[in-house]
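Chain by chain, the residues:
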Amino acid sequence: MIIREFKLSDLKRVIEIEEMSFDDPYPPSILRDIYNLGAGFLIAQQDNIILGYIIFWIRFEDEGHIISLAVDKGYRRQNVGRQLVEMVMEIFQKFDMKNIKLEVRAENTGAINFYRNVGFKEEKLIPGYYEDGEDAVVMNMSLNSSNPINST
Ligand SMILES: CC(C)(COP(=O)(O)OP(=O)(O)OC[C@H]1O[C@@H](n2cnc3c(N)ncnc32)[C@H](O)[C@@H]1OP(=O)(O)O)[C@@H](O)C(=O)NCCC(=O)NCCS
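Being a predicted model, the structure only gives us computed values, none of them experimental.

Enquirer: What am I meant to see in the site of the ligand here?
Expert: By nearness alone, 19 residues border the ligand, and Arg76, Gly81, Arg82, Gly110 and Asn113 come closest of all. Residue contributions to the shell around the ligand peak at five residues, all from helix H4 (residues 109-117). Classifying every residue of the shell around the ligand by side-chain character gives seven nonpolar, nine polar and three charged.

Enquirer: I keep staring at the environment of leucine 125 and nothing clicks. Help me out?
Expert: Within the fold, leucine 125 resides in strand E6 (residues 121-126). In this structure the C-alpha to C-alpha distance between leucine 125 and tyrosine 115, which are 10 residues apart in sequence, comes to 15 Å. Here leucine 125 is in contact with Ala106, Asp135 and Val137, once residues within four sequence places are set aside.

Enquirer: I tried to follow the sheet that holds E6 on my own but got confused; where do I start?
Expert: Within a sheet, adjacent strands bond to each other through the backbone by hydrogen bonds, running parallel or antiparallel. Strand order in the open sheet made by the seven strands is E1-E2-E3-E4-E5-E7-E6, with mixed pairing throughout. A strand with exactly one partner marks an edge of an open sheet, and here the two such strands are strand E1 (2-5) and E6. Shown here is a sheet whose adjacent strand axes are inclined to one another by a mean of 30°, direction ignored. Sheet analysis places strand E3 (residues 49-60) next to strand E4 (residues 63-71), joined by eight bridges and oriented antiparallel. In the strand pairing of E4, isoleucine 58 is matched with glycine 64.

What counts and what doesn't
- Residues numbered from 1 in each chain as written.
- Predicted model: local features only at pLDDT ≥ 70, side-chain atom pairs only at ≥ 80, totals over all residues.
- Near = placed C-beta within 6 Å.
- Helix = DSSP H or I, 4+ residues; strand = E, 2+ residues; numbered from the N terminus.
- Nonpolar A, V, L, I, M, F, W, Y, C, P; charged D, E, K, R; others polar.
- Contact = placed C-beta atoms within 7 Å.
- Pairing = 2+ DSSP bridges.
- Axes fitted to C-alpha atoms, helices over the stretch in contact; angles between N-to-C directions.

Structure below.
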């Protein structure tokens, strides 16, 4: 599997994965705008098949933020998500970020378990964060010397 930068020609396939992954998927125009605004956008690919993607940006001076992450249903539980997050951790460390944050739907227990497994901790709940009124769980990972990715 390789991880490479997103190209606009990947958008159709990214939308396919987005739509199979979320009840409220980002429309193509928003994903294109996020990309054009300079967010980080990486693709996981194997044998010319796009398996998943991750979108991220630097939100504050020393804080990175994961905007979106999804893996095609047929390729989940094969460490694709983990490798995408680890790549973003490396990038944020190069930019001297101290921590990474994200928001995830409180009912998305699969994703919360995934993020715990890759090293995030639940920080707080934001009631009614999403348009449909669902709460968000804010998750946080410190990028410090005790982080395994730093010791390799
Ligand atoms: C969350 C998501 C990105 C995980 O991707 P993935 O490639 O399947 O995850 P990995 O294979 O790297 O998982 C690593 C570990 O995380 C945990 N994990 C992953 N998915 C899990 C799930 N659905 N339930 C419980 N634990 C899970 C497991 O411990 C897993 O290791 P294991 O398979 O050896 O048990 C994927 O399920 C997905 O696209 N979901 C829909 C979109 C979404 O919810 N995105 C996150 C919110 S932004």
